[in-house]
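Next come the chains, spelled out residue by residue.
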Amino acid sequence: MTGFSAYFNGNTVYINGEKKSVLGEILEKILDKRYRELDKLYSECKRYEAILHYPEDMREANESEKLFQGAISFYAKIEQMIANTPPYSALDIQRDTLRTILNMHSWAFDEDELIDDDESDDDNIEEHYHFYVRIGSGDMEDSELLRDIYILNDQLKAFATEMRVFIEDILRVKLTFEPFIEKIHSESRYLDNNETAQVLADFKDRPQYSLYPYERLEPSGTMKLSYEVLKKRKASELCQHYTFTTLGGYLYIELFKGLELHYLPKKCGYCEKYFLLTAGLFSDYCTREIEGMDGRTCRDMGHRKKYADKIKNNPCWNVYSKAYKQHYARYMKKKMTQSEFAEWADYALELRTKAENEEIEFEVYRERIRK
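Structure report, in brief. (Residues numbered from 1 in each chain as written. Predicted model: local features only at pLDDT ≥ 70, side-chain atom pairs only at ≥ 80, totals over all residues. Heavy atoms only, no water.)

### Some thoughts on the pattern of salt bridges
To be explicit about the condition: When a carboxyl oxygen of Asp or Glu lies within 4 Å of a side-chain nitrogen of Lys or Arg, that pair is called a salt bridge. For each residue, the accessible area found with a 1.4 Å probe, counting protein chains only, is set against the maximum for its type, and the residue is called buried under 20%, exposed over 50%, and partly exposed in between. Only runs of H or I of at least four residues qualify as helices and only runs of E of at least two qualify as strands under DSSP, and these elements are numbered from the N terminus.
By the definition in use, this model includes 15 salt bridges. Close ionic contact of arginine 216 with glutamate 218 constitutes a salt bridge, the shortest N to O distance being 3.0 Å. Look at arginine 216 and you get partly exposed, because its relative accessible area is 25%. Given the relative accessible area of 28%, glutamate 218 is considered partly exposed. Ionic pairing is found between glutamate 363 and arginine 366, a salt bridge with its closest N-O pair at 2.6 Å. Of the two residues, glutamate 363 and arginine 366 both sit in helix H12 (residues 362-370), three residues apart, roughly one turn of that helix. The exposure class assigned to glutamate 363 is partly exposed, which follows from its relative accessible area of 46%. Given the relative accessible area of 27%, arginine 366 is considered partly exposed. The structure contains a network of salt bridges with shared partners spanning Glu49, Arg164 and Glu168.

Set out below in structure tokens:
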């Protein structure tokens, strides 16, 4: 259900060879998406993973209907989450999977609870809505029936594990990928390879690292890489073709390819929503228009706010701002020529840099920049 393939060609990705997206786009959307009570969902996934099996004794058999109906209801929520999460939101994925698995083994449940599927083209197909069990597997002696029950239990286990891993993958994005990306962007510029390697090494040395599976910066599931030609309408493309069994495998590859090519999501410093940085100009702010601001964007307002914060919190910038306004006023009153003002501006920037680097004392800097 959660497996898919992706073709990578530079900064372009084709999900299942068809749906086209930009590298980093899926990770950006998941980072920006709000998921409710992930920790509770994860705990419930772990619980069902431990108890979801065909009853072994009469005590479990008597509770089978409650168990299976509770599991069907719970996993319907997880499947809805999957359907609303990219890339699955753009794909035609299977739903109601647990009920389908149980109905594949209709022999295992009370035949009195069968209902006919009138809309089916096959008159022999019957579907269970309830899942009552009369006898536990521990009381069965038929080897063929026991073999089929083992197959059913394996399928239930695989399904429960797949659902749990999906929740782990979302938790990993929120609790591990997100702080790692924030570290990568903390310098407000693109890092080079050595700097990125150091951030990664420091991140993996965290004291709490690897306490839980979703706290490890690693892929989930399995993946396979091959190089294939993807035929498109205008031309064929040579691509890296990955097949993934989980969403987490894909997101891991997208994260590190994004690090390499500078295609990474970043949280906007103004609206705090994620946007995709592309290989080019680094910015701390997105280009979304702000409601009620006459077309102004987060980037417009963010740079103003950043400058204002520097002036407010940095004494060197505060002195520079006051001196700049004074000299600009002189220029506007024609007490300085344009060339004189430009010469002073270059001089002031040089002084400010020296003051910030503590190459000159602050009082000396303040006295000189006013002249």
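After presenting the structure, the write-up continues.
### Section: the state of the cysteines
Stated formally: To count as a disulfide, a pair of cysteine sulfur atoms needs to be within 2.5 Å.
Counted by the stated rule, this structure contains zero disulfides. The thiol of cysteine 286 is unpaired, and the distance to the nearest cysteine sulfur, on cysteine 268, comes to 3.7 Å. With a relative accessible area of 1%, cysteine 286 lands in the buried category. Of the cysteine sulfurs around cysteine 298, a residue in no disulfide, the closest is that of cysteine 286, at 3.7 Å. A relative accessible area of 2% means that cysteine 298 is categorised as buried.

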